[in-house]
Amino acid sequence: MIDEEAIFAYIDGEFEGEERARIEAAIAADPALRAMVTEHRALTDRLQGAFSAVLEAPVPAVLSAAVKPGPDVISLAEERSRRDRRGSPWGGSHWAAMAATLVAGVIGGVIFSGGRGGPVTERGGQLIASGPIELALNTQLASTQSAKAPVRIGLTFRNHGGAICRSFAAEATEGVACRDGTAWQLRALLSRENSSAGDYRMAGSSGTAEFVDTLIAGEAMDQAQERAALSANWAPSKIP
Amino acid sequence: MSAFEKGVEALLPRLRRFAHGLAANRADADDLTQITIERALRARMQWQEGTRLDAWLYRIMRNCWIDTVRARGRAARIIAPEEAGEHVGHDPTAQMDAKIDLDRLMQAMGKLPPEQREVVALVLIEGFGYRETAELLDLPIGTISSRLVRGRTALLALVKEG
């Protein structure tokens, strides 16, 4: 007896060798299965035939144009490769990318100049939130925070690895940090050059939102979930 | 253009095809493609060189689409449902060319629940393997397999009745 999922996996070319031969034999011996396989093969062929029209059609100009960067966009890839050639002190493409963000004039050296007590420190090659940002990430709930808090928390959510991540906005910077052990590892850090105090109630501009989109698994936490996560000291979830 | 942009440009036809597999109609599909490109360009620092750009872009597109589906789902709770019959199929006597068939299939795909539609699009149309699809959607391979059975069985029934 071969189950339905195995038949379909066979149709989709998921099996090789003996397994494939075994299913093939079972199909050959069963007219009802043969009919089903024929019907589903035809469906797949029809889907691929119809949708190949999209593949072969010329790409609309508006879409090709969307790929080309506007004049005001700094090419971070070029910045990154230039930096890599120089020998990035950060190591690894991820940190090269973060370095490129810094080079792009986003936050410059300002944030590190405070040394101990500043909002960001470097530990083992990773950028870790410290000072007021760390305090807010550890203790502040989006639902109860003061409108005048120096660092405001936006969304709290889990990433694809199950770790808790939180977006935040301070007067000069905003970003996303994910819990790593007992630290908050910065995954994105952007400047808020044009913001003035009081202009960051949403805790996150579209720039931060894009990072959230690429990190988030499922939906952002609601008030109760955020509170529960705080009670659990921002522990990661077990991945099923 | 940088290598990244050239890579995205080269993948545009495939991204458009995937968008047509997900979206309800052609206009929505191209909107989805554009939103995906914009989001990918803004998040480009997140892409790690040496990893598959296609899988990364497919994932962004899928997330963009899910956002739209969720937003529409929320809106649907407060907005009255569309008139029944508004999306009734084409005249069956119409000439069956590839474009008409594409519209028909998109319409049938649109009736599948989102979690089945994305798996059907990725495996049957885009040709991803089960494991690749599982990685792309962050789901166990068994979930891919069972959703695919339900999705394609429902799709076959829809296509037959249409």
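Anything mentioned here points back to the structure above.
Let me begin by describing the structure that accompanies this report. (Residues numbered from 1 in each chain as written. Chains lettered and ligands numbered in written order. Predicted model: local features only at pLDDT ≥ 70, side-chain atom pairs only at ≥ 80, totals over all residues.)

**Details of the pairing of strand β2 (residues 126-129) of chain A**
All names here are of chain A.
Here comes step 1: In β2, alternate side chains face the same way, and those of L127 and A129 are buried while those of Q126 and I128 on the opposite face are not.
Here comes step 2: In terms of strand pairing, strand β1 (residues 120-123) meets β2 through four bridges, oriented antiparallel. Across the sheet, E122 pairs through a bridge with L127, a residue of β2.
Here comes step 3: Hairpin geometry of β1 and β2 is characterised by an intervening segment of two residues between the two adjacent antiparallel strands and by a positive phi of about 55 degrees at G124. (Buried ≥ 20, exposed ≤ 12 C-beta atoms within 10 Å, placed from the backbone. Helix = DSSP H or I, 4+ residues; strand = E, 2+ residues; numbered from the N terminus. Pairing = 2+ DSSP bridges.)

**Focus: the interface of chain B and chain A**
Here comes step 1: Contact with chain B, which involves 49 residues of that partner, is made by 43 residues of chain A.
Here comes step 2: Elements supplying a minimum of two residues to the side of chain B that touches chain A: α1 (3-22), α2 (26-42), α3 (53-78), α4 (98-109), α5 (114-125) and α7 (141-161) of chain B.
Here comes step 3: Top contributing element to the side of chain B that touches chain A by residue count: α1 of chain B, with 12 residues.
Here comes step 4: For the side of chain B that touches chain A, a count of residues per class yields 23 nonpolar, 11 polar and 15 charged. (Contact = placed C-beta atoms within 7 Å. Nonpolar A, V, L, I, M, F, W, Y, C, P; charged D, E, K, R; others polar.)

**Some remarks on the environment of L137 of chain B**
All names here are of chain B.
Here comes step 1: One can find L137 in helix α6 (residues 130-137).
Here comes step 2: Accessibility expressed as a C-beta count within 10 Å gives 19 for L137, which makes it partly exposed.
Here comes step 3: For L137 and N63, which are 74 residues apart along the polypeptide, the C-alpha to C-alpha distance reads 9.4 Å.

**Focus on the packing of α1 of chain B against α2 of chain B**
All names here are of chain B.
Here comes step 1: At a minimum axis distance of 8 Å, the contact between α1 and α2 shows a crossing angle of 135 degrees. When the interaxial angle is binned, α1 and α2 end up oblique. Crossing angle aside, the handedness with which α1 passes α2 is right-handed. Seen from α1, the contacting residues are V8, L15, R16, A19, H20 and L22; seen from α2, they are R26, A29, L32, T33, T36, I37 and A40.
Here comes step 2: For the contact of α1 with α2, the class distribution of residues is eight nonpolar, three polar and two charged. (Axes fitted to C-alpha atoms, helices over the stretch in contact; angles between N-to-C directions. Parallel < 35°, antiparallel > 145°, perpendicular 65-115°, else oblique. Left-handed = near helix turned anticlockwise from the far one by under 90°.)

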